[in-house]
Amino acid sequence: MPILRALFGLLLILALPAKALAQDNSLSYYPSRPVRIVVGFGPGSAADLTARVLAQRLSQTMGQQFFIENKPGGGSTVAAEQVVRGPKDGTTLFVGTVANVINAVLQPDLTFDFAKDFTPIVYATSSPNILVVHPSTGVSSVKELIALAKAHPDKVFYGSSGVGTSPHLSGELFSPASTVLQYVASGQLKALASSETTRASAAPDLPTVAEAGLPGFDTSVWFGLVAPAGTPHEIIDRLAHAVDDALQNEAVISSLHAAGLDIKGGTPEAFGAFIATETKKWNEVATAAGLRK
């Protein structure tokens, strides 16, 4: 009996590390199939460019193909609804953007909750909104624009890419850099300031709105990878490390900067906290602007 007891104990000791080893090794096979990154906007958009640059790098470093599926519609809502109902095994990812947070704020009747039904992976890139005016206004600074608006409140209007978009709500707080800087360069528009807390890499000489006289002003169009909630934590961590490493690659940085995108990066937890902050901010802006349903 003592011999059998000792033998049984030995088998238990040997079995535990073997099980743990099997679990660790199972993760080394991820991804064992191609990984789809769904983008809620069309080819050539900033969300699409972010995804394509990262997909190319991840395909190289993770030994499996990462490919893009564009599914525009509803300000990225159509794509989000598809992904949230998809597999929770790391084979289907989504490019979450500021549009998804704003949609959640303005459309409380959506069939999913962006903050709860997706798990953050990495905050990847951002592009600041750029405050521009027509040269004929004679305005050269944010302060001059404010003074003009106060003097002629019925004559100063602003345009955006649509109701409920980030440029629209940025205007309520007071258009992305990749969209308008070409017109600034040609002289058709005059740039006054960028909307993030730090200067845009695409326009380093352009002051921020905060620097120009409105402290605390911070809006941008941002992009990050998320997965359906319920995706194993180990897969999220592996993806997060791979994406964060990719964002430090010189070729990736060069490609994203050329598209007018600023590099972010960080942990899933940091991205989750950022999404929570963004949700709170846009909730307050939409409420103040009377845009809530």
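Residues numbered from 1 in each chain as written. Predicted model: local features only at pLDDT ≥ 70, side-chain atom pairs only at ≥ 80, totals over all residues. Heavy atoms only, no water.

When you go through the protein residue by residue, the secondary structure sums to 11 helices and eight strands. Out of the 293 residues in the protein, the part that is buried amounts to 41%. About 14600 Å² of surface is accessible on the protein, with carbon and sulfur atoms providing 59% of the total. (Helix = DSSP H or I, 4+ residues; strand = E, 2+ residues; numbered from the N terminus. Buried < 20%, exposed > 50% of the residue type's maximum accessible area, 1.4 Å probe, protein only. Areas by Shrake-Rupley, 256 points an atom, 1.4 Å probe, with all protein chains shown as cover.)

Turning to the sheet that holds strand S7 (residues 220–228), a few remarks are in order. If you trace the six strands from one edge of the open sheet to the other, you get S2-S1-S3-S7-S4-S8, paired in mixed fashion. Both edges of this open sheet fall to strand S2 (66–70) and strand S8 (262–263), since each of them pairs with a single strand only. With five bridges connecting them, strand S1 (residues 35–39) and S2 associate as parallel partners. Residue valine 38 lies in a different strand from S2, and its bridge partner there is glutamate 69. Helix H9 (residues 233–246) rests against S2, strand S3 (92–97), strand S4 (118–128) and S7 of the sheet, and its axis sits at about 20 degrees to S4. Relative to S4, helix H11 (residues 268–288) is tilted by about 70 degrees, and along the sheet it contacts S4 and S7. (Pairing = 2+ DSSP bridges. Contact = heavy atoms within 4.5 Å. Axes fitted to C-alpha atoms, helices over the stretch in contact; angles between N-to-C directions.)

The geometry of two aromatic rings is summed up by the distance between their centres and the angle between their planes. The tally for this structure, following the rule as stated, stands at eight aromatic pairs. Ring centres of phenylalanine 114 and phenylalanine 118 lie 5.5 Å apart, and the angle between their planes is 45 degrees; this geometry places the pair in the tilted category. Across the pair, phenylalanine 118 and phenylalanine 114 agree in class, each one buried. Arranged with centres 6.3 Å apart and planes meeting at 75 degrees, the rings of tyrosine 123 and tryptophan 222 form a pair that is edge-to-face. Of the two residues, tyrosine 123 and tryptophan 222, both sit in the buried class. Three or more aromatic residues joined by ring pairs make a cluster, and in this case those are Phe94, Phe112, Phe114 and Phe118. (Phe/Tyr/Trp six-rings, centres within 6.5 Å; stacked < 30°, edge-to-face > 60°.)

Once that is clear, we can look at the confidence of the model for the protein. Taken over all residues, the pLDDT of the protein has a mean of 81, while the share at 70 or more is 80%. Contacts of residues 1–26 to residues separated by more than four positions or lying in other chains number zero contacts, the stretch itself having pLDDT below 50. (pLDDT = per-residue confidence, 0-100.)

For the rest of this paragraph, the subject is helix H4 (residues 98–106). Residue pairs spaced three or four apart in an α-helix point in one direction, given the helix's 3.6 residues per turn. Taken across its nine residues, H4 has eight buried, putting it largely inside the fold. Along H4, the residues classified as buried are Val98, Ala99, Asn100, Val101, Ile102, Asn103, Val105 and Leu106. Measuring from the side-chain oxygen of the N-cap residue of H4 to the backbone nitrogen of alanine 99 gives 2.9 Å; that N-cap residue is threonine 97. (Polar contact = N/O pair within 3.5 Å; in protein donor to acceptor, adjacent residues only side chain to side chain.)

Moving on: the environment of serine 59. Take serine 59: it is sitting in helix H2 (residues 46–61). Spatially, the C-alpha atoms of serine 59 and proline 34 are 9.0 Å apart, while their sequence positions differ by 25 residues. Contact partners of serine 59, with chain neighbours within four places excluded, come to Gln64, Gln65 and Phe66. Within polar-contact distance, the side chain of serine 59 engages the backbone oxygen of alanine 55 at 2.8 Å.

The subject of this paragraph is helix H3 (residues 77–84). Taken together, the buried positions of H3 are occupied by Thr77, Ala79, Ala80, Val83 and Val84. In a view along the axis of H3, the buried residues occupy a sector of 160 degrees, so they form one face of it. Next to the buried residues of H3 lie S1, S3, H4, helix H5 (114–117), S4 and S7. (Arc of directions from axis to C-beta.)

On to the pattern of salt bridges. Inspection of every chain in the model, using the stated rule, returns five salt bridges. The salt bridge involving aspartate 89 is made with arginine 33; its shortest N-O contact spans 2.8 Å. Taken together, the positions of aspartate 89 in the loop between H3 and S3 and arginine 33 in the loop between helix H1 (2–28) and S1 put the pair 56 residues apart, joining distant regions of the chain. Judged by relative accessible area, arginine 33 falls into the partly exposed class, the value being 46%. As a salt-bridge pair, glutamate 284 and lysine 280 come within 2.8 Å of each other at their nearest N and O atoms. Here glutamate 284 pairs with lysine 280, and both are found in helix H11, just four residues apart, close to one helical turn. For glutamate 284, a relative accessible area of 46% puts it in the partly exposed group. (Salt bridge = Lys/Arg side-chain N within 4 Å of Asp/Glu carboxyl O.)

This brings us to the packing of H2 against helix H10 (residues 250–258). Running from amino to carboxyl end, H2 crosses H10 at an angle of 165 degrees, the nearest separation of the two axes being 10 Å. As summarised for this structure, H2 and H10 are arranged roughly antiparallel, according to the angle between their axes. Crossing hand, H2 versus H10: right-handed. Within the contact between the two elements, H2 uses Leu49, Thr50, Val53, Leu54 and Arg57 and H10 uses Val252, Ser255 and Leu256. The residue inventory of the contact of H2 with H10, partitioned by class, reads five nonpolar, two polar and one charged. (Parallel < 35°, antiparallel > 145°, perpendicular 65-115°, else oblique. Left-handed = near helix turned anticlockwise from the far one by under 90°. Nonpolar A, V, L, I, M, F, W, Y, C, P; charged D, E, K, R; others polar.)

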